[in-house]
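The chain contents come next:
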Amino acid sequence: MCSSDLTAVGSMSVDDALTLAQVEDYVNRGMLADHFYCTRKALGAVEHIELSGESDLLRFEHGNAVAVKSKKDGGECAVFDGHGALYGMGRLKEGYVQPMVVLHSAPMVEGGR
């Protein structure tokens, strides 16, 4: 058995955790989703960048760096689309965000394989 002194990750604390009994109860009552952290709160420890233009989103999606207004240089950031949905994770460098992980992909064209 291992022990850990870790009591928090970003804005999430062990004090906020649910017990297995609570999880089971919420699942049975159809209420588990009510107890999830919102994405922005869960990623509160990193800078949030919003890309609202379709061309910027496509560039990011295809692995290209996108110019952003950020006071931070270096480090990771959460990238959101103009609707507030998490689009991916990136690394800030010299006024650009370079994609690290893209969570969104363009929908397939009708009739595609």
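Scroll up to find the structure.
This text gives an overview of the structure that appears in the document. (Residues numbered from 1 in each chain as written. Predicted model: local features only at pLDDT ≥ 70, side-chain atom pairs only at ≥ 80, totals over all residues. Heavy atoms only, no water.)

### Overview of the side chain of Asp81
Then, in step 1: Among the structural elements, Asp81 can be located in strand E5 (residues 76-81).
Then, in step 2: One buried charge, Asp81, has no salt-bridge partner; the nearest side chain with opposite charge is Arg40, at 6.9 Å.
Then, in step 3: When neighbours within four sequence positions are excluded, Asp81 is seen to be in contact with Glu50, Leu51, Leu57 and Tyr87. (Helix = DSSP H or I, 4+ residues; strand = E, 2+ residues; numbered from the N terminus. Buried < 20%, exposed > 50% of the residue type's maximum accessible area, 1.4 Å probe, protein only. Lys, Arg positive; Asp, Glu negative; His and termini not counted. Salt bridge = Lys/Arg side-chain N within 4 Å of Asp/Glu carboxyl O. Contact = heavy atoms within 4.5 Å.)

### A look at a nonpolar patch on the surface
Then, in step 1: On the surface, Met100, Val101 and Leu103 cluster together into a nonpolar patch covering about 260 Å² of accessible area.
Then, in step 2: Secondary-structure assignment places Leu103 in the segment after strand E7 (96-102). (Patch = residues over 30% accessible without salt bridge, like charges linked within 9 Å, V, L, I, M, F, W, Y side chains within 5 Å. Areas by Shrake-Rupley, 256 points an atom, 1.4 Å probe, with all protein chains shown as cover.)

### Points about the pairing of strand E6 (residues 86-93)
A regular strand places its side chains so that they alternate between the two faces of the sheet.
Then, in step 1: Relative to E6, E5 runs antiparallel, the two sharing five bridges. For Ala78, the partnering residue across the bridge sits in E6 and is Met89.
Then, in step 2: Taking the residues between adjacent antiparallel strands as the criterion, E5 and E6 are bridged by four residues, where Gly84 takes a positive phi near 90 degrees.
Then, in step 3: Of the strand pairs in this sheet, E6 and E7 are connected by six bridges, and their pairing is antiparallel. Looking at the pairing, Gly88 lines up with Val102 of E7.
Then, in step 4: The turn linking E6 back onto E7 is made up of two residues, and Glu94 within it adopts a positive phi angle of 50 degrees. (Pairing = 2+ DSSP bridges.)

### Observations regarding the nonpolar core
Then, in step 1: Counting 11 residues, the largest nonpolar core is built from Ile49, Leu51, Leu57, Phe60, Val66, Val68, Cys77, Val79, Tyr87, Leu92 and Val97.
Then, in step 2: Those elements that place two or more of their residues in this core are strand E3 (47-51), helix H3 (54-61), E5 and E6.
Then, in step 3: Aside from chain neighbours lying at most four places away, what touches Val97 is Phe60, Asn64, Ala65, Val66, Val68, Cys77, Val79, Gly90, Arg91 and Leu92. (Core = buried A, V, L, I, M, F, W, Y, C linked by side-chain atoms within 4.5 Å.)

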